[in-house]
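Here is how the chains run, residue by residue.
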Amino acid sequence: MKMRRYLFIGLIVLLLGLVPLSAQQEPADPPTNPETAASTTDSAAVSDDAVNEVASRMYCPICEMEPLHTCRAQTCIDWRQVIREQLAAGQTEDEIITYFVNNYGDRVVGIPADDGLRLFSFAGPLVMSIVALVFAFFTFQSWQRRNELVVQSATGPTEDVHDNKTSNTTNDADTDYRNRLESDLLH
Amino acid sequence: MLAEIGFASTSLSLIAALYAIGAALIGGRIHSDRLILSARNAAIATFPLLLIACGMLLIALITEQYQINYVRNTTDPSTPMFYRVTALWGAQRGSLLFWSLTMSIFTAAALLISWKNDRRLMPYVIAYMMAALAFFLYLNLFVENPFERVWLQPNGPNDNAVVDSVLIPPNASAPAADLLAADASGLNPLLRHFGMIIHPPMLYLGFVGFLIPFAFAMAALASGDLSTNWIKATRRWTLVAWLFLSLGLILGGRWAYDVLGWGGYWGWDPVENAAFLPWLVGTAYLHSVLIQEKRGMLKVWNMFLIVGTFSAVIFGTFATRSGLIESVHSFAESEIGTPMFLFWGSITFVSVAMVVWRWRQGLLQDEHHFTGWLSRESMFVLNNVIFVALTLAIFWGSFGAPILSELYLEEDITLGVDYFMRVTPPLFLVMYILMGVAPITAWGATSINRMGRSLLVPLAATILTVIAIVATGTTTPVAVVGYAAVAMAGYVALFEIYRGTAARVRARNENPLQALVALFTRNRRRYGGYIVHLGIVVIGLGVIGSTVFQVERQETVDVGDVIQVNDEYQLRYDNFVVQQATDGRFIDRAYVTIIRNGEEIRQLEPRIDRFVQSDNTLMPMTIAGAHSTIENDFYVLLGGAGDGEVGYNRATFTIYINPLVNLVWWGGLILILGTFISAWPNETRSATARARTTATPKMGKRAGAMT
Amino acid sequence: MTKIDGIDIPNSEDQTKNRGGLDLGSIVLLIGILAVIGVVGLQLVRQNESQPVAGSNAPNFTVTTFDGQEFTLAEQEGNIVIVNFWGSWCAPCRDEAPALQAIHEQYQDQGVIMFGITHIDEEAASLEFMEEFGITYPNAPDPRSVISDRYNIKGVPETFVVGRDGEIVEGGAFLMPVSEEQLVEVIERELGIEGAS
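Per chain, the residues get numbers from 1 upward, laid out in the order the sequence is written. Written order decides the labels, with chains lettered from A and ligands numbered from 1. Local features in a predicted model are, by the rule used here, given only for residues with pLDDT of at least 70; side-chain atom pairs are given and counted only at 80 or more, and totals for whole chains, interfaces and linings are based on all residues.

Brief notes about the overall build of chain B
Turning to step 1, where the next piece is worked out: Secondary structure elements follow DSSP: runs of H or I no shorter than four residues count as helices, runs of E no shorter than two count as strands, and numbering proceeds from the N terminus. Broken down by element type, chain B carries 21 helices and twelve strands.
Turning to step 2, where the next piece is worked out: Relative to a compact globule of 707 residues, whose C-alpha radius of gyration would be 27 Å, chain B shows 28 Å and is just as compact.
Turning to step 3, where the next piece is worked out: The burial label depends on the number of other C-beta atoms within 10 Å of a residue's C-beta. Counts of 20 or more mean buried, 12 or fewer mean exposed, and intermediate counts mean partly exposed, with C-beta atoms placed from the backbone. By the burial criterion, 54% of the 707 residues in chain B qualify as buried.
Turning to step 4, where the next piece is worked out: Counting only contacts in chain B whose residues sit at least 6 apart along the sequence, the fraction spanning at least 24 positions is 70%. Within these notes, the globule rule equals 2.2 Å times the number of residues to the 0.38 power, and the radius of gyration is based on C-alpha atoms. Each residue gets a C-beta atom placed from its backbone, and two residues are in contact if those atoms lie within 7 Å.

Focus: the domain arrangement of chain C
Turning to step 1, where the next piece is worked out: Parsing chain C into structural domains produces domain 1 (9-47) and domain 2 (62-190).
Turning to step 2, where the next piece is worked out: Residue ranges assigned to each domain were obtained from an automatic or database domain assignment. On a C-alpha basis, the centres of domain 1 of chain C and domain 2 of chain C stand 52 Å from each other.

Some thoughts on the domain arrangement of chain B
Turning to step 1, where the next piece is worked out: By the assigned domains, chain B splits into domain 1 (149-182), domain 2 (197-210 + 235-446) and domain 3 (523-680 + 699-707).
Turning to step 2, where the next piece is worked out: Distance between the C-alpha centres of domain 1 of chain B and domain 3 of chain B: 48 Å.

Topic: the sheet that holds strand 12 (residues 650-659) of chain B
Residue and element names in this part refer to chain B.
Turning to step 1, where the next piece is worked out: The rule for pairing is simple: two strands pair if DSSP sees at least two bridges between them. With antiparallel pairing, four strands are arranged side by side in an open sheet as 3-12-11-10. Edge strands, defined here as strands with exactly one partner in the open sheet, are strand 3 (551-558) and strand 10 (625-628). In this sheet, adjacent strand axes meet at a mean angle of 15° when their direction is disregarded.
Turning to step 2, where the next piece is worked out: Bridge count between strand 3 and strand 12: eight bridges; the pairing is antiparallel. Along strand 12, the bridge assignment pairs Arg 553 with Ile 655. To get an axis, fit a line to the C-alpha atoms, keeping to the stretch in contact for a helix; angles then go from 0 to 180 degrees between the N-to-C directions.

What about the packing of helix 2 (residues 33-62) of chain B against helix 6 (residues 122-143) of chain B?
All names here are of chain B.
Turning to step 1, where the next piece is worked out: One can describe the packing of helix 2 onto helix 6 by two numbers: an axis separation of 10 Å at closest approach and a directional angle of 30°. By the angle class used here, helix 2 and helix 6 are roughly parallel. Pair helix 2 / helix 6 crosses with left-handed handedness. Along its contact with helix 2, which presents Ile 36, Ala 39, Arg 40, Ala 43 and Thr 46, the element helix 6 presents Met 122, Pro 123, Ile 126, Met 129, Met 130 and Leu 133. Angles below 35 degrees are treated as roughly parallel, those above 145 as roughly antiparallel, those between 65 and 115 as roughly perpendicular, and all remaining angles as oblique. Put simply, a crossing is left-handed when the front helix is turned counterclockwise from the back one by less than a right angle, and right-handed when it is turned clockwise.

Some words on the nonpolar core
Turning to step 1, where the next piece is worked out: Judged by nonpolar contacts, the single largest core of 228 residues is most densely connected at Ala 20, Ile 126 and Leu 211 of chain B.
Turning to step 2, where the next piece is worked out: Not counting chain neighbours up to four residues away, the residues in contact with Leu 211 of chain B comprise Met 103, Phe 106, Met 129, Ala 132 and Phe 310 of chain B.
Turning to step 3, where the next piece is worked out: By convention the nonpolar core is taken to be a set of buried residues drawn from Ala, Val, Leu, Ile, Met, Phe, Trp, Tyr and Cys and joined through C-beta atoms within 7 Å. In terms of nonpolar packing, the next biggest core, distinct from the first, is built from 35 residues, Leu 73, Ile 80, Leu 100 and Met 130 of chain C among them.

Re the pairing of strand 8 (residues 607-612) of chain B
Residue and element names in this part refer to chain B.
Turning to step 1, where the next piece is worked out: Sheet topology places strand 6 (residues 586-596) next to strand 8; four bridges connect them, and they run antiparallel. Counterpart to Asp 588 in the pairing with strand 8 is Ile 608.
Turning to step 2, where the next piece is worked out: For strand 8 and strand 9 (residues 618-623), the ladder comprises six bridges, and the chain directions are antiparallel. Opposite Phe 611, over in strand 9, you have Met 619 as the bridge partner.

Brief notes about unusual backbone geometry
All names here are of chain C.
Turning to step 1, where the next piece is worked out: Omega for the bond connecting Val 156 with Pro 157 falls within 30 degrees of zero, at 0°, which places this linkage in the cis form.
Turning to step 2, where the next piece is worked out: Within the secondary structure, Pro 157 is located in the loop between helix 5 (146-150) and strand 8 (158-162).
Turning to step 3, where the next piece is worked out: Despite not being glycine, Ile 120 shows a phi value in the positive range, around 50°.
Turning to step 4, where the next piece is worked out: Secondary-structure assignment places Ile 120 in the loop between strand 6 (112-118) and helix 4 (123-132).
Turning to step 5, where the next piece is worked out: One non-glycine residue, Arg 144, adopts positive backbone phi at about 65°.
Turning to step 6, where the next piece is worked out: Within the fold, Arg 144 resides in the loop between strand 7 (139-140) and helix 5.
Turning to step 7, where the next piece is worked out: With 17 C-beta atoms counted inside 10 Å, the residue Arg 144 sits in the partly exposed group.

Side note on helix 6 of chain B
Turning to step 1, where the next piece is worked out: Each helix should span, by expectation, one fewer than its residue count multiplied by 1.5 Å. Across its 22 residues, helix 6 of chain B extends 31 Å between first and last C-alpha, which sits within 8% of the 32 Å expected from 1.5 Å per residue.
Turning to step 2, where the next piece is worked out: Within helix 6 of chain B, 17 of the 22 residues are buried, which leaves it mostly tucked inside the rest of the structure.

Observations concerning the confidence of the model for chain C
Residues and elements named next belong to chain C.
Turning to step 1, where the next piece is worked out: The quantity called pLDDT is the predictor's confidence in a given residue, expressed from 0 to 100. Put simply, chain C has an average pLDDT of 83, and 87% of its residues get 70 or more.
Turning to step 2, where the next piece is worked out: The least confident element of chain C, judged by mean pLDDT, is helix 1 (residues 12-15) at 47; the most confident is strand 7 at 94.
Turning to step 3, where the next piece is worked out: When the criterion is pLDDT under 50, residues 12-18 qualifies, and its contacts beyond four places in sequence or with other chains add up to twelve contacts.
Turning to step 4, where the next piece is worked out: Interface scoring of the predicted complex returns ipTM 0.82; its pTM is 0.86.

Next comes the structure, spelled out in structure tokens:
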């Protein structure tokens, strides 16, 4: 019985362990045009893909929640041109984004650049997930406690009632499954 | 004439709804069956009344009654008939009336179906349903009235004031018909798509559908009858609402993918998320009520879940229509925000308070005892945890954090796709893993041995799949882990179906097909559920493929040139023409050929349609050329994002390769099939037959004993 | 309670018998719900916030113009200040620009200050716009749109005529493009010259 509880907790820990794993891996970059033009000086030589790469991290300042690389407003077209010129001048992606954030605020990027706001944004879901898990854990605990209390009073503290529910491993797996199926159907 | 009838009909239905509330509550109090019946009839009567009202608006749209403001704002003389009809829900006012109609249809059906079986709950059910309907009718009549017309009222010797009013003001006359027609704005070309036509009605059906279980839950709380009656009565309603909501979301995604031209189907926009939240809580609720039905546990939690689902529904429609958070979906500014906010706030708070009230009274006690950590109950609780965590996280990202930041941190933030793609994948991953593990647990306790044996085959299949995936070149850890989790959930579902069929074949000597059909017929709920899970698995595969491995290229080329998209694919620009269609729009059409590994696959025709507006400006609409296979979508757009070149000599093309994206749509179809199977009514048995078969527990073989 | 062999066995009901009333958990829950509702309500109110109207105090600001000069609205008491929000990307602003320049040239010696603030505009583009229309009155960029937010700008162009006392004058809040005649009418009235109307 205790084994099962530890296994269960182990399962939870394993699942939680997967969380940082998948959160940290960035998705594979799709194969892009090899020429990212960080060092050319001719703005016509900067590929559309390089511009879109930067623009896809930003949002239209006027349209609300419209990504910059697909926005059709004049301002967005102008901004993409600015990005193109800055790329041609040798600016890195981060430098360009910092420039826009300084002039137009955190709202032009999809994840806030300011550290405090960033923490604020991510803390929410993290805290909520933890609270939800803790809540579930306490629910299990209180169920378990209530159960133990009732069981102990009825049969005395030494007998382990739960073993009765363990399957009889000598049964044919099929029959066992069918029995379980049919007992489920009864409820 | 039409407007007068429509207005009168809507007003009558508000009166009927208010009467129904009063009569139901009083009848319930003094135990007058006659009064309750009268309330029920009044409630049912709202349906034909609203049908007439919507009918009037529809006729007005079809017969071009431009004096009605709504008709002028959503159609113009050149609008095709099909879009005249669908303009009924194309803008705020009409869609609100349509929403009321949907509500009246569902409530009438629910009352008729449940009248015999749930008499004790009826007074409160009627009262709650009609209270919700009355609120929306109030909006229809006093805040956003679709029958409002424009009048000319004398305002001095030679002057006429332009007045908006539903009923004719004194001395007023109607403006000239041709002037009205000239003033008509017509339908936004973006809305001229099959997906857009059907997406709002589906969503409304889904949203409104959840009113039924909510009303029954509230009735259970109010009346004190907190057995599982209210759950059993509303189980199918919940499934139906959930189905429509799922459909609405998938169709919305399909429309965005086809028409909006950014190669994607979900933008994590606040309005999209506002519709997603009820789906998430609703799915948690769907699973959680199973525990209450089977084991009599989690009663309080289920109450909170259904309150949460309906609250999310109202919040969703409030946030969308009031412009609470600006988004690309925003409706025009209106005064609808305040009344909707008050409605949302009050039903949420009052409902939660009622749950707490009954809970503290001790009426929501668990019936069974917790028997094991590795039991289906525990798995379902974990399922709930994940869905609630997802709901809270997405609410925080779309509403909580931006609102708080704007109000208290003096800083506007945008939490966009990047944010949600960091926060939600871990939670979805755990969800899929649970989907794999939970079906093989049993109510009560499960031994490790039993679980292990059930998991063996699916796990082996998953490992083989992972090896196959990695061997064929996919090595991105995120994708492999994702595919593994999703695949295992799918294999578990398939294996359970196989095992059930095999067990029947061995026990009864049926042939496999017979056994399969019988299995599904006798256990619609369980096996329909497995099919739904399979649908979610297929969708998951499509989402991982089209998100992690999407290829995007944009380039401007001369005619005859070839764009190298990636190692395998090229696109050749062949030709360009300018045409004009019969409805007056100009079409810039490019001809391109997909070349894969040197071989020509297909020719596509990405184009730009330019619609002539009522003010003679041109509104462009980009229509992609796409080649769809199971493996991927090869998707081409002409003209960039408004700053590309469009012409014979040089043209800009944006190319997306979306691997596995079609699995998203087909997964949706599987999901629909599964929900149908789950919700399909069982053969109704006479009461005596039912009594006979439920007498002895050993009669479990007769699966009809279980509803 | 049930009795088996003389032993009391508590039922689940007994374990959590409530004395009625609210426990801490319930109170926290209800307060939490109220808090969420309250925040949403506050946001709704804020969304519907109106812009400065005639008679209200013009929100103060301090900016650095494109020429490097500092300008504080509150320090301009005694003068009439016309604050115009514009953007080089905005078509109606182009229609407005010549009128604004003309008014500046006509009234700058009479204590009327024309001041432009750019709204979500790149500096290079703004300067180009000003050169195109021969704008000589001071203009300033608005980094992070702080001033635009203070005036609750919903779009551009918008023009506010601030009187000598720092309040927006009667008829001086233009939430739309403004014509030369309209502005002149307001200015002449403020300057005390009896105009056409």
